[in-house]
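Residue strings, one per chain:
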Amino acid sequence: MAQFQLSGVRKSFDRTHVLKGIDLHIAEGEFISLVGPSGCGKSTLLRIIAGLEDQSEGSVRIGGDVVDGVRPADRNLAMVFQSYALYPHLTVYNNIAVPLRMRRLSTLQRAAVLRWLIPGTRETEDRIRSDVEDVAKLLGLKDLLQRKPAQLSGGQRQRVAVGRAIVREPRAFLLDEPLSNLDAKLRVHMRTEIAQLHRRLGATFIYVTHDQAEAMTMSDRIAVMMDGNIIQIGSPDDVYDDPQDLRVAEFIGSPKINILDGGVIDEARGLVFGSSRFAATFLERPGTSVRIGVRPEALRLANAENAPFSGRLAHKENLGAEVLLHVEIPDQRAAVIVRFDHGGAREISIGDAVGLTCSPEDLRIFGASGERIKAEVEARKVAHG
């Protein structure tokens, strides 16, 4: 296992600044996900950690050692790509055995004709076979060792790629969107497998994905990246419940958070939306326009005539155990999505007037530039928590 320390890491391609000063500490045995939209710099950052790219500025430490300029092979990190990168002409057994043979056998011992004439080859191959079979058993591949990649499903190929990484006993695993080529059902299954594998191995995992569901379900911590910066890092619960930036709030969560325009801080520093006022004290100056964020599951039905948010039901999504209601509220850019259990939404029909309410503590308030604005009572709770 290894810990990582990234300090002031920047990367530019000509005049394009891809990474703009990344500071990040990753603890031993941690599962951390770098998550963000395409082009945010997350894969470039992973490649810099692996040694496949050189940073323009800053330094990378692994286990306390500065590795700037150290070759990828000498960093003892295992990387798993979305393309699997398996040798199509080799069996599963030989694909997994490749890194062990490269490390433990000499050039002559790897030669097809002479290898068995060289002392020690057979003993080394026996140890390699034992190690490969142990990994295959761990990943449920023992009955597939003589198959070639073309005879495997997508999930099986992904497990072979992971097995080839495990067998090396690396200091850490770097995974670059390894599930993006799988169908939706298999992605869910593989998320569970990777999370369980991390718990069994206890190794450091650095995982890159644009899929926030993958990051939420597997990670100890999430680093949300936008435009070459890490804009928030924390546990999945912290990032979901307490987003510090509007971009984080909108990126994390499915369905995404509802954002309503038209909130104003009044003279008493409370929040006003339309004819409703929420009892909270904000530090912003009176008259400040704000945007209101509220998660779909935080909203409740209320009398449409005096509810803080009211409109008409435009669409219902029946997902079986739950229903998503799409409520069109006047002067808002998008419909408000509400998550209900199936029974609670059964009596509501398309076109009905719908009133919605929520607790003040469920509101997430953002300023004009997207920064989070907290109520004074909430800030005091955090300071003394």
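Reading the values: rules and limits
Residues numbered from 1 in each chain as written. Predicted model: local features only at pLDDT ≥ 70, side-chain atom pairs only at ≥ 80, totals over all residues. Heavy atoms only, no water. Patch = residues over 30% accessible without salt bridge, like charges linked within 9 Å, V, L, I, M, F, W, Y side chains within 5 Å. Areas by Shrake-Rupley, 256 points an atom, 1.4 Å probe, with all protein chains shown as cover. Salt bridge = Lys/Arg side-chain N within 4 Å of Asp/Glu carboxyl O. Helix = DSSP H or I, 4+ residues; strand = E, 2+ residues; numbered from the N terminus. Phe/Tyr/Trp six-rings, centres within 6.5 Å; stacked < 30°, edge-to-face > 60°. Lys NZ or Arg CZ within 6 Å of the ring centre and 35° of its normal. Buried < 20%, exposed > 50% of the residue type's maximum accessible area, 1.4 Å probe, protein only. Lys, Arg positive; Asp, Glu negative; His and termini not counted. Polar contact = N/O pair within 3.5 Å; in protein donor to acceptor, adjacent residues only side chain to side chain. Contact = heavy atoms within 4.5 Å.

**Section: a nonpolar patch on the surface**
Together, Leu108, Val113, Leu114 and Leu117 line one region of the surface with nonpolar side chains, adding up to about 450 Å² of accessible area. For Leu117, the location among the structural elements is in the loop between α2 (92–104) and α3 (121–138).

**Some points on the packing of aromatic side chains**
Evaluation of the coordinates by the stated rule reveals five aromatic pairs. The positively charged end of Arg295 is found above the aromatic ring belonging to Tyr240, 4.0 Å away from the centroid.

**Overview of the side chain of Arg75**
With respect to the helices and strands, Arg75 occurs in the loop between β5 (65–66) and β6 (77–81). Lacking a salt bridge, the buried Arg75 has Asp54 as its closest oppositely charged neighbour, with an N-O distance of 5.4 Å. Polar contacts involving the side chain of Arg75 include one to the main-chain carbonyl oxygen of Val67, which spans 2.9 Å. When sequence neighbours within four positions are dropped, the list of residues in contact with Arg75 reads Ile48, Ile49, Ala50, Gly51, Ile62, Val67, Asp68, Gly69, Val70 and Arg171.

**Quick look at the pattern of salt bridges**
The tally for this structure, following the rule as stated, stands at 19 salt bridges. Here Lys11 and Glu53 are joined by a salt bridge, their closest N and O atoms 3.8 Å apart. Of this pair, Lys11 sits in strand β1 (residues 4–13) while Glu53 sits in the loop between α1 (42–50) and β4 (57–62), and the two are 42 residues apart along the sequence. Under the relative-accessibility criterion, Lys11 is labelled buried at 9%. Note that Glu297 is salt-bridged to Arg339, the shortest N-O span being 3.9 Å. Separated by 42 residues along the polypeptide, Glu297 in the loop between β14 (289–294) and β15 (300–302) and Arg339 in strand β18 (residues 336–341) bring together distant segments of the chain. When its relative accessible area of 38% is taken as the criterion, Glu297 is described as partly exposed. Judged by its relative accessible area of 22%, Arg339 falls in the partly exposed class. Among the charged side chains, a network of salt bridges with common partners joins Lys11, Arg47 and Glu53.

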